[in-house]
Amino acid sequence: MSEHSLIHWCVVMTRARPLPPAERRASLIAATRQLILDHGPEVTTRQVAEAAKVAEGTLFRVFPTRRDLIAATIADHLSPERLADIFATAPATTTVDETTEVCLSTAADYVTTFGRFIPRPHRGGDHQDEIRFRIMELWEARVCDIAGWMRDRLAPHEAELTIPVKDFTHLVITLAMGYAHGRSPDTSLNPATLARLALDGARSKDSL
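Quick notes on the rules
- Numbers given for residues are sequential positions, taken from 1 along each chain in its written order.
- In view of the model being predicted, local features appear only for residues whose pLDDT reaches at least 70, and side-chain atom pairs are presented and counted only at 80 or more, with totals across whole chains, interfaces and linings using the full set of residues.
- Values shown for side chains rest on all heavy atoms present in the structure; no hydrogens or waters enter the calculation.
- Secondary structure counts use DSSP, requiring at least four H or I residues in a row for a helix and at least two E residues in a row for a strand, with both numbered from the N terminus.
- Note on classification: 1.4 Å probe, protein chains only; a residue is buried when its accessible area is under 20% of the maximum for its type, exposed when over 50%, partly exposed between these limits.
- Here a polar contact is taken to be a pair of N or O atoms separated by no more than 3.5 Å, where protein atoms must pair a possible hydrogen donor with a possible acceptor and residues adjacent in sequence count only if both atoms sit in side chains.
- Counting rule applied: Lys, Arg positive; Asp, Glu negative; His and chain ends not counted.
- In the sections that follow, a salt bridge refers to a side-chain nitrogen of Lys or Arg positioned within 4 Å of a carboxyl oxygen of Asp or Glu.
- A contact between two residues is defined here by any heavy atoms of the two lying within 4.5 Å.
- Take the number of residues in a helix, subtract one, and multiply by 1.5 Å to get its expected span.
- Note that the arc is computed from the directions linking the helix axis to the C-beta atoms.
- Buried residues of nine kinds, namely Ala, Val, Leu, Ile, Met, Phe, Trp, Tyr and Cys, make up a nonpolar core once their side-chain atoms join them within 4.5 Å.

1. Here's the deal with the side chain of Ser79
No. 1: Checked against the element boundaries, Ser79 lands in the loop between helix H5 (66-77) and helix H6 (80-89).
No. 2: Taking the relative accessible area as the measure of exposure, Ser79 reaches 11% and is therefore buried.
No. 3: In this structure the side chain of Ser79 is engaged in a polar contact, spanning 3.2 Å, whose partner is the backbone nitrogen of Arg82.

2. A short note on the side chain of Arg33
No. 1: If you trace the backbone, Arg33 turns up in helix H2 (residues 21-39).
No. 2: Here Arg33 sits buried without a salt bridge, and the closest side chain of opposite charge, Asp76, lies 4.8 Å off (N-O distance).
No. 3: Apart from the residues lying within four places of it in its own chain, the contact partners of Arg33 are Thr73, Asp76, His77, Arg82 and Phe117.

3. Here we look at the environment of Arg134
No. 1: Here Arg134 shows up in helix H8 (residues 126-154).
No. 2: For the pair Arg134 and Ile74, spaced 60 residues apart in the sequence, the C-alpha separation amounts to 9.2 Å.

4. Some remarks on helix H9 (residues 165-181)
No. 1: For H9, built from 17 residues, the straight-helix expectation of 24 Å at 1.5 Å per residue is met to within 8% by its first-to-last C-alpha distance of 24 Å.
No. 2: Within H9, the full set of buried residues consists of Val165, Phe168, Thr169, Val172, Ile173, Ala176, Tyr179 and Ala180. Seen from one end, H9 has its buried residues packed into an arc of 140°, which puts them on one side. H9 presents His170 and His181 as exposed residues on the side facing more than 90 degrees away from its buried surface.

5. Some details on the nonpolar core
Where a protein is soluble and globular, its nonpolar side chains tend to be buried together.
No. 1: Val48, Leu78 and Met150 are the most contacted members of the largest nonpolar core, which totals 51 residues.
No. 2: Elements represented by at least two residues in this core include exactly H2, helix H3 (45-52), H5, H6, helix H7 (96-115), H8, H9 and helix H10 (191-200).
No. 3: When residues in this core are grouped by element, the largest group, 10 residues, is from H8.
No. 4: Beyond its immediate chain neighbours, meaning those up to four positions away, Leu78 contacts Tyr110, Phe114, Ile135, Leu138, Trp139 and Arg142.

This is the structure we're talking about:
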């Protein structure tokens, strides 16, 4: 083998293998997802291409438009599989207090992260409206999944509650969403405090 042929062979052998279409798609979605979490939904295809270490033309061969890329990333983030992974990593608990706190913190963190993916409204943007409508469809489905997971976690403690588990679950979800949307450095509220309030109420025993 000539020196030129050997060099060519080495270059071919060391060049990174092209990713299969499914892996390329997944890598672009992963890069987009992280950029949205870091910077919000107004990311550019150039930023995504740089983060994924591909040419922008490669990106457009997978996702013809930026809208397609963002929509696919949101759908991935709001997939039941991703939520199931979150449920699987939630800490084990033994008491109703611990369980309520874990349910609150898990839901609140999910709501907070979800808020990063909502695109800002644009004038005359039918495509944006379409994406936002699809987001809400997926979001409603995931809220149902969260409620079902909470009911299963709280069911063993139903005898310790003054209301049915399904009603207590609704209360916990409401508190989690309110906490996620209104997080402020000026309050000492946290999932542990909210869990205590949900279980015991906010009324001072001295006022009874």
